[in-house]
Structures are given as C-alpha cells and as structure tokens.
Amino acid sequence: MKFVTRTAGAAALAGLVALAGIGQAQAADISISGSSMLFPLEQVWSQAYMKSHPGTHISVASTGSGFGISNAANGNITIGASDAYLTRDLKKRYPSLVSIPVAFEDTQVIYNIPGLSKGTALRIDGPTLARIYMGKIRFWNDKALRALNPDVTFPHSRIKVIHRADASGTTFVFTDYLSQTSKKWNEEIGRDLSPAWPVGSGYNGSDAVVAAVMSTPGAIGYVGLGWINEYHLDSMALKNLDGYFVKGSVKTIQAAGKAALHDPTFPDDFNQSMVWKLHGKDVYPDANFEFWMVSTSLPGSTMKDVKKLIFWALTKGQASKYTVKTGFAPLPFTPLKPRLNKILNHILPGNSVNIESGG
Amino acid sequence: MAVPEHDQGDTLLSHGDHRPPAVAPLSFLVPDMSDAAESPASSPSGLPSESALKSLRRTTHTQILRSERIFQLALRLGGVFILLLFATVLGVSVVEAWPSIEKFGWSFLWNPTWNPHRHIFGAWTYLVGTFWVTGIALLFAIPIAILSALFLSDYAPKWLVGGVSTLMEMLAGIPSIVFGAFGIIFVVPLMRDHVEPALANTLGRHFDFFSGDAMGYGILSAGLVVGIMVIPLVATVTRDSLIMVPRETVEAAYALGSTKAEMVYFVKLPAVMPGIIGSVILGFGRALGETMAVLLLIGNQASVPTSIQDVGYTISSLLANTFTYAVIDPLFSAAEIELGLILLVISLVVNTLGRELLLKLMGGRLAGSVGGG
C-alpha cells in the first residue's frame with residue numbers, strides 16, 4: 001500500500017505543491033516538498049503532528065530532492081526534503097540553507113542471477129561493484145566475484161546493469177559508495193543524483209528498478225531499505241571500512257547512524273556523507289541521512305513553528321510506528337540531547353527551544 | 001443600382017427590393033435592429049417612405065460595420081495571440097538556454113558527452129536515440145498503415161468499414177501512457193523471450209547490428225510501441241485521401257482495362273501520395289515528441305545504440321526524467337532547455353519541408369487540404 005501511495009502521491013501532488021507552496025505565508029502553515037523517498041514518512045508525520053497540534057497546517061509533496069533544495073532556498077516552500085546533503089557546490093549556491101537530519105535510509109544492491117537459489121548470501125566490495133557499473137566486469141562468473149564468494153557457483157551469464165533514470169537520492173548514496181571505494185569511479189563518473197552512467201539501462205523510480213531487476217535474468221540494481229522489506233528482496237552484503245561484509249537492515253543502518261552521531265568529528269549539521277566513513281563491525285557502509293533543508297532567512301514566526309516541528313520529528317516522530325513502518329531507521333536522538341540542542345538552538349536562528357519539555 | 005462601396009453587408013442591403021434581409025449578417029451582434037426594422041413597416045401605405053429607409057439603412061449600416069469591425073478585431077486578436085504564444089515560447093527557451101548555447105556553441109549538437117557532474121553537456125546521444133526511435137516507429141507504421149487504409153477504402157466489405165474505421169480513430173486518442181504500460185507487459189517480454197533471441201540467431205550471425213543481449217527494453221521495443229501509436233494517425237489520413245480520389249479517375253482506369261490491383265497501385269496510390277506524405281509528417285511529429293511510452297521502454301541509457309537490441313535515450317524522455325533536478329544548476333537546466341529547443345526546431349523544419357513537398361507534389365491544387373503538415 002505504501003508504495004502505491006509513494007508513486008501515486010508523487011505524481012498527483014507534484015503539480016499541486018507548486019501552487020500550495022507559493023502562496024503560503026501564514027504563521028502556522030508549513031509546506032514540505034522534495035525527496036520522493038522521504039515523502040511517505042512526511043505523510044504520516046504531518047498527519048500525526050496536525051492531530052496533536054491543532055492550528056498547524058502542514059502540506060507535503062513529493063517533487064524530487066532537486067526541487068526541494070532550490071525551492072527551500074528561494075522561499076517558495078518552508079522545508080525542502082532531500083536525500084543528499086548540501087555539497088560544497090550547493091552550499092555555495094544556496095548559502096542560506098542549513099540541513100537537518102531527520103531519518104536514516106540506505107541503498108542496497110539487488111540482483112537476479114539465473115540458477116542461484118533464493119537466500120544465497122552474496123558479498124561484494126566497492127571496487128568490484130564499480131567495475132560492474134562501468135561495464136568492465138561483464139559476466140557473473142568473473143573471477144573478482146568468485147574470489148569474493150568462494151562458496152557460490154555463478155552461471156556464465158551476462159550482467160545486465162540497471163540504474164535509475166530520474167534524478168534520485170538513492171542514486172546519490174549509491175554512487176557515493178562507489179566514489180569513496182573506487183578511485184576510477186570517482187575520477188570518471190563521481191557521485192551525483194543523476195550521473196553519466198557508462199553502461200546499463202535506466203528506469204524511472206525505485207518500483208521500476210525492482211520490476212526491471214525481477215524480470216531481467218542476470219540483472220543487478222539498487223534500491224533503498226523500504227523496497228527490500230516491501231518486496232522481500234535479497235540484497236548483497238557490502239564491504240565496510242573495517243573489512244566486514246554487512247547486509248543492510250534497520251539494525252546495521254542504525255549502527256552506522258550511531259557511530260556518526262557519537263563521532264565528535266562529525267559536523268553538527270551532519271552536512272557530510274556517512275558513507276564509508278564509519279568504523280564498526282555492524283556498520284552498513286552505504287547508509288545515509290535523509291535531510292530537511294531549512295532557509296535561515298525564514299521569518300521569525302515561521303521559524304518558530306518549523307523548530308517546533310523539527311523537535312517533534314526528531315524525538316516523538318522517530319518512533320518506529322512512523323519510521324520503520326515507512327521504510328526508515330529511526331535516529332537515536334533522545335539519548336543525544338547535546339546534538340539535538342545544537343541543531344535547534346545553534347544551527348537554526350531565532351528563539352531557543354527548551355528541549356527538556358515536550359513538543 | 002449604386003456600386004457597393006463597402007463590404008458584403010452593404011451590398012446585401014443595396015440590392016433587391018430595398019427591404020432589410022430577413023436575417024441580417026451578424027444580427028446576433030446587433031440586438032436593437034428589430035426595433036429599427038419595425039418602424040418603416042408600420043407606415044400607412046405599406047411601403048416604407050424614402051427617408052425612413054435612408055435612416056434605416058444608415059443605422060443598420062453603421063451597426064453592421066461596427067459589429068463587423070469588432071468581429072474582425074476579435075479574429076485578429078486570436079491570430080496575434082498565436083504569434084505571441086509562439087514568440088514567447090521561443091523567446092523564453094532561447095533566453096533560458098542561453099548559458100548553454102553560449103558555452104558549447106554548435107559543438108553541443110555533436111558532443112556525445114552528457115555529464116552534469118563535470119558540467120559538460122552534449123546532445124549527440126539523445127539526438128541519435130530520438131532518431132532511432134522515430135525511424136523504427138515510422139518504418140514499422142507506414143507500410144501497415146497504408147495497407148490498412150487501402151483495405152478500408154477499396155477492399156473491405158461495407159459492414160466492416162464503419163467498425164474498423166471507428167476503432168482506428170479511437171486508437172489515435174488513447175493516452176500514450178496506456179501504450180507504454182502495454183509495452184511493458186506485452187512487447188518487452190515478447191522481445192526479450194522470442195523476437196530478440198531469434199534476431200540474434202539469424203540476422204545477428206551475419207550482422208552485429210541485429211545481435212545483442214536480449215533485454216526487452218531498448219530502442220526496438222520503444223520504436224515498435226511508438227509505431228503502434230503512429231499507425232492510426234497515418235492510416236486515417238491516408239484512408240480519407242483515398243476516399244477523395246475522383247470516381248472518374250477510377251472508372252477511367254477500369255475503362256482502360258486495369259484490374260482492381262492495377263487501378264489501386266497505378267492510379268489511386270500515386271494520386272494520394274501527397275496525403276500519405278502529409279500523414280507521415282504528422283506521424284513523424286508524434287513519434288519525435290512521444291515521451292511517456294518511450295521513457296518506460298527505451299531503457300534510458302545515454303549511449304549511442306550500435307545494435308537494434310541496444311538501449312538508448314531520447315530528448316523528450318531525458319527532459320521528463322531529469323528536468324525537475326536540472327533546475328538546481330543553471331547550466332544543467334540551460335542544456336536541457338536547449339535540447340527542447342532542438343526538438344522544436346526539428347519539428348518546425350520537418351513541418352515546413354513537408355508542406356513545401358506537398359505543395360510541389362500537388363502542383364498547387366488542394367494544397368493543405370489533405371493531411372496538412
């Protein structure tokens with residue numbers, strides 16, 4: 001059901017938000033738009049929040065991370081949702097924006113190998129994955145894959161590379177992992193929401209990627225945690241910074257998130273990739289924060305409402321009935337009051353919020 | 001009788017028996033005319049007096065002239081609006097595309113690299129993909145469309161013609177996303193499991209152009225589905241022009257001893273050539289701009305296809321996929337708008353050339369009445 005809402009809602013509301021967003025000016029009126037990945041979570045959040053905070057109206061729309069970032073910066077919408085953090089380029093272009101992490105997601109590698117029984121544990125590392133996506137490894141029984149999986153007998157069948165065609169945060173996180181682990185990928189393609197794919201075929205949306213991988217023998221593709229759970233897909237274990245092969249799950253993504261939140265070198269606005277940076281046995285190396293982009297030049301009264309909403313989202317909103325149910329891993333902010341305090345009272349301007357009292 | 005000085009409204013009133021016409025031209029624009037018409041009719045002699053007639057003529061003349069002017073003005077506004085609309089679309093596109101036009105110049109057209117990450121943009125792969133899909137679609141659609149049009153105009157039994165024609169017209173009105181979905185559930189598996197392996201095992205043994213990994217998605221599937229969408233367009237216009245071939249011409253062919261097939265092939269087909277060309281141009285425009293069905297089927301990969309089984313990318317599907325993201329970077333969005341501009345120019349050029357060709361082939365007669373590019 002969730003996935004029906006994801007796509008149908010995205011299509012239906014894409015046009016509406018532009019209208020809804022432009023006219024908004026009233027005090028307790030918040031418009032959120034952007035990432036299609038975050039959209040289902042924002043929907044349940046806004047419903048729950050409007051119920052417990054009468055007088056506040058939140059409109060949510062799925063328009064793509066790019067739209068979210070640019071329109072949050074120019075004031076068309078209150079909050080821009082994005083799967084990608086603000087890179088140096090974006091920061092330069094939109095200096096007024098700050099990023100607030102609101103949930104964890106990840107990108108996992110799915111496959112359809114003829115003759116391989118379901119539930120076979122496959123392992124892969126960044127350089128091998130990058131070579132597959134660059135068209136250098138063309139068959140499933142390539143020696144690099146056999147070396148990583150000595151117990152598995154691969155068929156001699158062509159690898160059919162599948163990727164996203166639309167600009168997508170999932171792609172950003174996926175290519176981030178490839179860029180961090182493969183020098184060649186970093187030099188030739190880099191990380192982007194819509195990179196110049198050397199090989200493969202592209203599909204519009206994660207649902208289409210799942211469908212294409214499932215229907216194409218020999219296919220390899222990538223989607224987020226929500227789709228893995230929804231369709232009970234097998235995903236590959238990825239090699240992390242400490243050399244462990246970890247499969248993506250709520251637990252391993254949270255392990256990555258915890259490592260990031262506890263890491264004192266990690267910036268307070270979390271405006272940094274957490275891919276391939278974190279140590280730990282259980283850390284999934286291709287997890288990411290989902291962000292809300294807020295412009296620091298919002299009017300004072302709006303900022304007050306936004307802060308209240310962010311505080312609620314980062315505490316009560318992290319309950320698994322909202323996050324895990326819609327395919328995300330919760331942020332462990334409740335035990336991390338100093339981090340939360342910094343976000344609400346230092347990064348965002350305006351009156352301070354007392355994080356001890358409920359939202 | 002005085003020579004009419006003005007326009008039709010004037011002549012109508014100056015001729016005949018000096019009575020206002022029963023229905024004045026544009027009477028709906030002149031509500032108070034009935035009042036003016038009644039007063040002379042009520043004169044005792046039954047004939048209107050000269051002065052009453054004069055004043056009547058003057059008032060109705062000025063009223064009709066005024067309404068005529070208003071009507072003309074409205075029409076002119078409509079025409080000007082079209083011009084303005086076109087100029088606005090073109091102007092805004094050029095202004096928005098300017099950063100890209102300025103930076104890449106003509107090389108934008110043949111540069112095969114499209115890399116937003118490195119700010120290098122070139123249209124080549126998308127142009128090639130667009131022409132592949134359009135080409136496959138037309139190659140597939142034109143023969144089928146002409147055959148079905150000939151069947152409907154000359155061979156089909158009467159009871160079948162109405163039904164099939166209606167179905168064909170309905171096909172032309174189905175939204176493209178429906179064809180796209182049909183492509184995914186029917187054409188893609190058919191290509192992947194049967195057609196593409198068969199092609200690779202026969203023609204593919206001798207020509208690399210037909211071999212490849214059977215994937216289903218790609219230029220072949222996209223081209224065929226767009227072709228299906230073009231068939232009704234070409235077929236209906238061709239059928240309409242076949243029906244319009246004069247009976248005398250057909251009978252002359254029979255009188256000279258042609259068989260039915262000879263008549264169709266040597267007389268009817270050459271006679272409707274302009275109509276066919278016009279409909280093909282229409283179909284070309286449709287195939288060129290088709291977005292949703294292509295996006296679902298082509299595999300959206302920016303590489304130049306070397307085999308009919310390869311995936312590709314068209315201009316319109318690239319815009320649909322990435323334009324919302326491109327707005328984040330001025331050069332990126334400029335490059336995408338420039339792509340849109342290229343599409344616009346191509347269809348303009350094709351339509352103009354098509355029109356010229358039509359005029360030439362028809363030797364000036366009937367120009368624009370059949371097909372009309």
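It should be emphasised that the depicted structure is a prediction, and the values quoted were computed from it without experimental measurement.

Novice: Even after reading the chapter, I still don't get the overall build of chain B, so can you show me in this structure?
Specialist: Within chain B, the regular secondary structure consists of 13 helices and zero strands. When the elements of chain B are put in sequence order from the N terminus, they spell out α-α-α-α-α-α-α-α-α-α-α-α-α. Per-residue burial for chain B yields a buried fraction of 40% across its 373 residues. Sequence separation of at least 24 residues holds for 71% of the intrachain contacts in chain B that already meet a minimum separation of 6. Accessible surface, chain B as shown: approximately 19500 Å² in total, 69% of it carbon and sulfur.

Novice: Even after reading the chapter, I still don't get the overall build of chain A, so can you show me in this structure?
Specialist: What chain A contains, in helices and strands, is 13 helices and 11 strands. Expressed as a percentage of its 359 residues, the buried residues of chain A come to 60%. Contacts in chain A between residues far apart in sequence, at least 24 positions, make up 75% of those at least 6 positions apart. Of the roughly 13500 Å² of accessible surface on chain A, 55% is carried by carbon and sulfur atoms.

Novice: I'm lost on the nonpolar core in this one. Help?
Specialist: Counting 166 residues, the largest nonpolar core has Leu 129, Tyr 133, Ile 220, Trp 292 and Val 294 of chain A as its most contacted members. Tallying contributions element by element places helix H8 (residues 219–243) of chain B first for this core, with 11 residues. Those residues in contact with Leu 129 of chain A that lie beyond four places of it in its chain are Val 109, Ile 124, Phe 174, Tyr 177, Leu 178, Ile 220 and Leu 238 of chain A. By size, the runner-up hydrophobic cluster in this structure holds 13 residues, among which are Ala 149, Leu 242, Leu 269 and Val 272 of chain B.

Novice: Explain the interface of chain B and chain A to me, please; I cannot follow it from the model alone.
Specialist: How big an interface is tends to be stated in terms of the accessible area lost upon association of its parts. Tallying the contact residues gives 25 residues for chain B and 36 residues for chain A. Between chain B and chain A, roughly 2300 Å² of surface is buried when both sides are summed, and carbon and sulfur atoms account for 49% of that area. Summed over the shared surface of chain B and chain A, the result is 14 residue pairs in polar contact (both at pLDDT 80 or more). Here the side of chain B that touches chain A is built from residues that sort into 12 nonpolar, nine polar and four charged.

Novice: What is the right way to look at a nonpolar patch on the surface in this model?
Specialist: All names here are of chain B. Together, Phe 86, Leu 90, Val 94, Trp 98, Val 345, Leu 348, Val 349 and Leu 353 make up a nonpolar patch on the protein surface, roughly 670 Å² of accessible area in all. Among the secondary structure elements, those contributing two or more residues to the nonpolar patch are helix H3 (50–104) and helix H13 (330–362). With respect to the secondary-structure elements, Val 349 resides in helix H13. Overall, Val 349 belongs to the partly exposed group, its relative accessible area being 41%.

Novice: Even after reading the chapter, I still don't get the pairing of strand S4 (residues 97–112) of chain A, so can you show me in this structure?
Specialist: On a regular strand, one side chain projects to one face of the sheet and the next to the other, so that they alternate. Residues and elements named next belong to chain A. When you tally the buried positions in S4, you get 16 out of 16 residues, the bulk of the element. In this structure, S4 lies alongside strand S11 (residues 287–295), joined through nine bridges in antiparallel fashion. Considered in S11, the bridge of Ala 103 is made with Glu 290. Here S4 runs beside strand S8 (residues 219–224); their pairing, made up of six bridges, is antiparallel. Each bridged residue has a counterpart across the sheet, and for Tyr 111 the counterpart in S8 is Ile 220.

Novice: Would you mind showing me how to read the sheet that holds S8 of chain A here?
Specialist: Pairing between the strands of a sheet comes from backbone hydrogen bonds, and it takes one of two forms, parallel or antiparallel. All names here are of chain A. Spatially, the eight strands line up as an open sheet ordered S2-S1-S3-S11-S4-S8-S6-S7, and their pairing is mixed. The open sheet terminates on both sides in strands that have one partner only, identified here as strand S2 (57–62) and strand S7 (201–203). Geometrically, the sheet is characterised by an average inter-axis angle of 25 degrees between neighbouring strands, direction not taken into account. Of the pairings in the sheet, the one linking strand S1 (residues 29–34) to S2 comprises six bridges and is parallel in character. Its bridge partner being in S2, Ile 32 is matched across the sheet by Val 60. Most of the contacts of helix H7 (residues 169–181) go to S8, to which it runs at about 115 degrees, and overall it touches S4, strand S6 (160–164), S8 and S11.

Novice: What am I meant to see in the pairing of strand S3 (residues 79–82) of chain A here?
Specialist: Residue and element names in this part refer to chain A. Alternating positions in S3 separate into two faces, Ile 79 and Ala 81 on one and Gly 80 and Ser 82 on the other, with burial throughout. Relative to S3, S1 is paired through three bridges, and the arrangement is parallel. By the bridge assignment, Gly 34 is partnered in S3 with Ala 81. Pairing between S3 and S11: four bridges, direction antiparallel.

Novice: For this particular structure, what's the right way to read the sheet that holds strand S5 (residues 123–124) of chain A?
Specialist: All names here are of chain A. In space, the three strands of this open sheet follow the order S5-S9-S10, with mixed pairing throughout. The sheet is open, and its two borders are formed by S5 and strand S10 (245–246), each paired with just one other strand. With two bridges connecting them, strand S9 (residues 237–239) and S10 associate as antiparallel partners. Opposite Lys 239, over in S10, you have Phe 245 as the bridge partner.

Novice: Can you help me understand the packing of aromatic side chains in this one?
Specialist: Note on aromatic pairs: each is described by the distance of the centres and the angle between the planes. Taken as a whole, this structure holds 29 aromatic pairs over all chains when the rule is applied. Relative to Tyr 126 of chain B, the ring of Trp 114 of chain B has its centre 5.2 Å away and its plane inclined at 80 degrees; by these criteria the two rings are edge-to-face. Placement of the pair is Trp 114 of chain B in the loop between helix H4 (107–110) and helix H5 (124–155) and Tyr 126 of chain B in helix H5, with a sequence separation of 12 residues. For the residue pair Trp 114 of chain B and Tyr 126 of chain B, the accessibility class agrees, reading buried in each case. Geometry around Phe 245 of chain A places Arg 123 of chain A over its ring, the cationic atom sitting 4.4 Å from the centre.

Novice: Please clarify how the packing of helix H5 (residues 126–133) of chain A against H7 of chain A should be interpreted in this entry.
Specialist: Residues and elements named next belong to chain A. Between H5 and H7, whose axes approach to 8 Å, the crossing angle comes to 115 degrees. As for how H5 packs across H7, the hand of that crossing is left-handed. Within the contact between the two elements, H5 uses Gly 126, Pro 127, Leu 129, Ala 130 and Tyr 133 and H7 uses Phe 174, Tyr 177, Leu 178 and Thr 181. A class-by-class count of the residues in the contact of H5 with H7 yields seven nonpolar, two polar and no charged.

Novice: Teacher, can you tell me more about helix H7 (residues 176–201) of chain B here?
Specialist: Three- or four-residue spacings in an α-helix give side chains the same orientation, since the helix completes a turn every 3.6 residues. Over its 26 residues, H7 of chain B runs only 32 Å from end to end, short of the ideal 38 Å by more than 12%, given 1.5 Å per residue. Approximately 50 degrees is the largest bend angle found in H7 of chain B, and it occurs at Met 191 of chain B. Where H7 of chain B is concerned, the buried positions are Ser 176, Phe 179, Gly 180, Gly 183, Val 187, Val 188, Met 191, Arg 192, Glu 196, Leu 199 and Ala 200 of chain B. Buried positions along H7 of chain B lie against helix H9 (206–215) of chain A together with helix H6 (158–173), H8, helix H10 (260–289) and helix H11 (292–297) of chain B.

Novice: Could you clarify how one ought to interpret the confidence of the model for chain A in this entry?
Specialist: Regions with low pLDDT should not have their predicted coordinates read in detail. Predicted confidence across chain A gives a mean pLDDT of 85, with 89% of residues reaching 70 or more. Taken together, the stretch residues 1–27 of chain A has pLDDT below 50 and engages in 47 contacts with residues farther than four places along the chain or on a different chain.

Novice: Would you mind showing me how to read the environment of Thr 130 of chain B here?
Specialist: All names here are of chain B. Within the secondary structure, Thr 130 sits in helix H5. Spatially, the C-alpha atom of Thr 130 lies 8.7 Å from that of Ala 287, the residues being 157 residues apart in sequence. Setting aside chain neighbours within four positions, we find Thr 130 in contact with Leu 288, Tyr 313, Thr 314, Ile 315 and Leu 343.

What counts as what
Residues numbered from 1 in each chain as written. Chains lettered and ligands numbered in written order. Predicted model: local features only at pLDDT ≥ 70, side-chain atom pairs only at ≥ 80, totals over all residues. Heavy atoms only, no water. Helix = DSSP H or I, 4+ residues; strand = E, 2+ residues; numbered from the N terminus. Buried < 20%, exposed > 50% of the residue type's maximum accessible area, 1.4 Å probe, protein only. Contact = heavy atoms within 4.5 Å. Areas by Shrake-Rupley, 256 points an atom, 1.4 Å probe, with all protein chains shown as cover. Core = buried A, V, L, I, M, F, W, Y, C linked by side-chain atoms within 4.5 Å. Buried area = accessible area lost by both parts, 1.4 Å probe. Polar contact = N/O pair within 3.5 Å; in protein donor to acceptor, adjacent residues only side chain to side chain. Nonpolar A, V, L, I, M, F, W, Y, C, P; charged D, E, K, R; others polar. Patch = residues over 30% accessible without salt bridge, like charges linked within 9 Å, V, L, I, M, F, W, Y side chains within 5 Å. Salt bridge = Lys/Arg side-chain N within 4 Å of Asp/Glu carboxyl O. Pairing = 2+ DSSP bridges. Axes fitted to C-alpha atoms, helices over the stretch in contact; angles between N-to-C directions. Phe/Tyr/Trp six-rings, centres within 6.5 Å; stacked < 30°, edge-to-face > 60°. Lys NZ or Arg CZ within 6 Å of the ring centre and 35° of its normal. Left-handed = near helix turned anticlockwise from the far one by under 90°. Expected span 1.5 Å × (residues − 1). Bend = angle between axes of the 7 residues up to and from the residue. pLDDT = per-residue confidence, 0-100.

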